[in-house]
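Chain and residue survey
Spelled out from the first residue to the last, the chains are:
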Amino acid sequence: MIRQTRQRAAIEEVLREAGRPLSPNEIHELAVKILPGLGLRTVYRQIKDLSEAHLLLGVDYPGQPVRYELAQGGHLGHFICRECDRVYYLPVEVPEVHIEAPEGFKITGQETIFYGICPNCAQRADEA
Ligand SMILES: [Zn+2]
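Definitions and limits used
- Residue positions are given per chain, counted from 1 along the sequence in the order it is written.
- Confidence filtering applies because this is a predicted model: local features only for residues at pLDDT of at least 70, side-chain atom pairs given and counted only at 80 or more, and all residues used for totals across whole chains, interfaces and linings.
- Only DSSP runs of H or I covering at least 4 residues are called helices, and only runs of E covering at least 2 are called strands; the numbering of each starts at the N terminus.
- What counts as a contact here is a pair of residues whose C-beta atoms, placed from the backbone, lie within 7 Å.
- The domain boundaries here were taken from an automatic or database domain assignment.
- Polar here means any residue outside two lists: the nonpolar Ala, Val, Leu, Ile, Met, Phe, Trp, Tyr, Cys and Pro, and the charged Asp, Glu, Lys and Arg; Gly therefore counts as polar.

As for its position among the elements, arginine 20 is in the loop between α1 (2-18) and α2 (24-34). Considering only alpha carbons, one finds arginine 20 and alanine 53, 33 residues apart in sequence, at a separation of 20 Å. Every residue in contact with arginine 20, bar those within four places of it in the chain, is listed here: Arg86, Val87, Tyr88 and Tyr89.

It is worth spelling out the domain arrangement of the chain at this point. If you check the domain split of the chain, you get domain 1 (1-71) and domain 2 (74-128). The C-alpha centroid of domain 2 is placed 20 Å from the C-alpha centroid of domain 1. Facing seven residues of domain 1, the contacting portion of domain 2 comprises eight residues. By residue class, the composition of the side of domain 1 that touches domain 2 is three nonpolar, two polar and two charged.

What follows is the structure, given as structure tokens:
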């Protein structure tokens, strides 16, 4: 159980510090630096457990691998870079839109996606 807590803590730390939602592979790459020997299968299992506990949210956009973020991230917009396909948090407060749900629909969430070029890719383009 202690082992599992350390695995979970490593995954949470990686997601907190990344500043953007991460795919299971990205989580694994970063988490092994904190906890050497951590396996990819364990990462997947932890992601599943954390998701079921609603501590982790899947960020799933068309044409993108599913990425994960911590649930307590606040209401921020997501930004997808057209160059590198990375998903970032856009550190702006996105106003919640209140609409009258059509008959039979119960709205439980809202997602705002922005697209463009991330600072890394913009810099690479300048250098080229
Ligand atoms: Zn980029």
